[in-house]
Amino acid sequence: MKTYKIAVIPGDGTGPEVVDEGLKVLSAAAQKCGFKYTPTKFDFGGERYLRTKEVLPKSAVKDMQKFDAIFLGAIGHPEVKPGILEKGILLKLRFDLDQYINLRPVQLFDERFCPIKNKKPEDIDFIVVRENSEGLYKGLGEFQNKGKKNEVALQISHNTRKGVERCLRYAFETAQKRKRKQLTLCGKTNVLTFAWDLWERTFHELAKEYPDVKTDYAHVDATTMWFVKNPEWFDVIVTDNMFGDIITDLGAMIQGGMGIAAGGNINPKGVSMFEPIGGSAPKYTGKKVINPLAAVCAGAMLLDQLGENKAARMIEASVKKIVRTKLKDLAAGKMGYSTPEVGDLVVENL
Ligand code: IPM
Ligand code: MN
């Protein structure tokens, strides 16, 4: 029987609670579809950092490379200064494992949970391909005259032809696999005339290699407007790291909130890492009220990446069904069920 090795990083806050439900569902789907997985837990996160003063052990990246995939809960701890864990764990793993794509599907399962009136599931069904290794996230910059009246802080967006091209190719290929085959480049060519010139030139060049994909361009500010006004216009959107971070939080809201929004940090030829895109939600920790469906959907994306597409579709269908027929709300504490009960419902409806 095919057995996958999965590294599990439950992380901080509600991370462990949602990861438990994700693993519960993965086990049930694996059993139904005839494969196995062995989870290996790693205690990376705020508690470990406070205890050991080490953000990530030196061997972490090498250790992760031995797995078929990584399943992550959440990173972020109220007693640790913002930035330390995010940069030291999440961004470090994304960068060092060269997970250059952040894939974030935005799909509305039930119109009751859409904050925009008159939008139906068929109107909100697109996917954001966020560049995940460059841009402003590269961390290039400096202070000049720090602390003085004439201080300057530089934060540089680093875009390489290679990085832009591989991200765009992945986006074109993603679009090719979808029914509508439509790809929108989301940028800011009217102001950021170095970075977006490179993105736009490369986009048009590559478009010639994918004649079956319809291409389109939208500025990032207009994109946020269209997300609310006409989300049905979008199929696949490709954008840089910073814009992708911003527009996918809005995407999460129009699909029903952080409780249902999942994402994958993907290295198509290496080890990929899947996570609910919401944070560690410290105020809900341990209360068993957090919605685990984002983690469950991240588990489905993980299976897709491993090639277990049937199991992935099965999980998605079950999530869709219970969202439409059982849950009162997708928000923490309002679901009408506890966190483990929602996990059980997904399992029962596989
Ligand atoms: C996300 C998060 C991260 C990001 C933070 C926690 C570093 O907001 O996954 O979207 O900015 O990428
Ligand atoms: Mn974000």
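Remember, predicted model here, so these are calculated numbers, not experimental data. (Residues numbered from 1 in each chain as written. Chains lettered and ligands numbered in written order. Predicted model: local features only at pLDDT ≥ 70, side-chain atom pairs only at ≥ 80, totals over all residues. Heavy atoms only, no water.)

Below, the discussion takes up the overall build of the protein chain. The helix and strand tally for the protein chain stands at eleven helices and twelve strands. In terms of overall dimensions, the protein chain is globule-like: its C-alpha atoms have a radius of gyration of 20 Å, near the 20 Å expected for 350 residues. Across its three principal axes, the protein chain shows a C-alpha extent of roughly 55 × 50 × 40 Å. Taking as baseline every contact in the protein chain between residues at least 6 positions apart, the subset at least 24 positions apart corresponds to 75%. When the accessible area of the protein chain is evaluated, it comes to approximately 16000 Å², of which 53% is carbon and sulfur surface. Averaged over its 52 positive side-chain charges, the protein chain has a centre that lies 1 Å from the centre of its 44 negative ones. (Helix = DSSP H or I, 4+ residues; strand = E, 2+ residues; numbered from the N terminus. Rg over C-alpha atoms; globule rule 2.2 N^0.38 Å. Contact = heavy atoms within 4.5 Å. Areas by Shrake-Rupley, 256 points an atom, 1.4 Å probe, with all protein chains shown as cover. Lys, Arg positive; Asp, Glu negative; His and termini not counted. Charge placed at Lys NZ, Arg CZ, Asp CG, Glu CD.)

Bringing the sheet that holds strand S4 (residues 101-107) into the picture now. An order of S2-S1-S3-S12-S11-S4-S5-S10-S8-S9 is seen for the ten strands of this open sheet, with the pairing classed as mixed. Each edge of the open sheet carries a strand with a single partner, namely strand S2 (36-41) and strand S9 (214-219). Adjacent strand axes in the sheet meet at a mean angle of 25 degrees, parallel and antiparallel pairs treated alike. Helix H7 (residues 220-229) contacts strand S5 (125-131), strand S8 (182-187), S9 and strand S10 (236-239) of the sheet and is inclined by roughly 105 degrees relative to S9. (Pairing = 2+ DSSP bridges. Axes fitted to C-alpha atoms, helices over the stretch in contact; angles between N-to-C directions.)

Ligand 1 sits among Glu86, Leu90, Arg94, Arg104, Arg130, Tyr137 and Asp245. Taking arginine 104, its side chain carries an N or O atom lying 2.8 Å from an oxygen atom of ligand 1. At 2.8 Å, a side-chain N or O of arginine 130 approaches an oxygen atom of ligand 1. Looking at the shell around ligand 1 residue by residue, the classes come out as two nonpolar, no polar and five charged. (Near = heavy atom within 4 Å. Polar contact = N/O pair within 3.5 Å; in protein donor to acceptor, adjacent residues only side chain to side chain. Nonpolar A, V, L, I, M, F, W, Y, C, P; charged D, E, K, R; others polar.)

To continue, consider the nonpolar core. Counting residues in hydrophobic clusters, the biggest one holds 87 residues, and the most contacted among them are Val238, Leu293, Ile315 and Val319. The element best represented in this core is helix H9 (residues 293-306), accounting for ten residues. Beyond its immediate sequence surroundings of up to four residues, valine 319 is in contact with Phe109, Ile260, Leu293, Val296, Cys297 and Val346. By size, the runner-up hydrophobic cluster in this structure holds 21 residues, among which are Ala7, Ile9, Phe42 and Leu93. (Core = buried A, V, L, I, M, F, W, Y, C linked by side-chain atoms within 4.5 Å. Buried < 20%, exposed > 50% of the residue type's maximum accessible area, 1.4 Å probe, protein only.)

Attention now moves to the pattern of salt bridges. In total, this model carries 23 salt bridges according to the counting rule given. A salt bridge links arginine 48 to aspartate 43, with the shortest nitrogen-to-oxygen separation between them at 3.0 Å. Assessed through its relative accessible area of 12%, arginine 48 is described here as buried. A salt bridge links arginine 169 to glutamate 165; its shortest N-O distance comes to 3.1 Å. Of this pair, arginine 169 and glutamate 165 are both found in helix H5 (residues 161-176), four residues apart, which corresponds to roughly one turn of the helix. (Salt bridge = Lys/Arg side-chain N within 4 Å of Asp/Glu carboxyl O.)

Together, Leu140, Val152, Leu154 and Ile156 make up an exposed nonpolar region whose accessible area comes to about 280 Å². Among the elements that take part in the nonpolar patch, strand S7 (residues 152-158) stands out by supplying three residues, more than any other. Structurally, leucine 154 is set in strand S7. Residue class for leucine 154 comes out partly exposed when judged on its relative accessible area of 37%. (Patch = residues over 30% accessible without salt bridge, like charges linked within 9 Å, V, L, I, M, F, W, Y side chains within 5 Å.)

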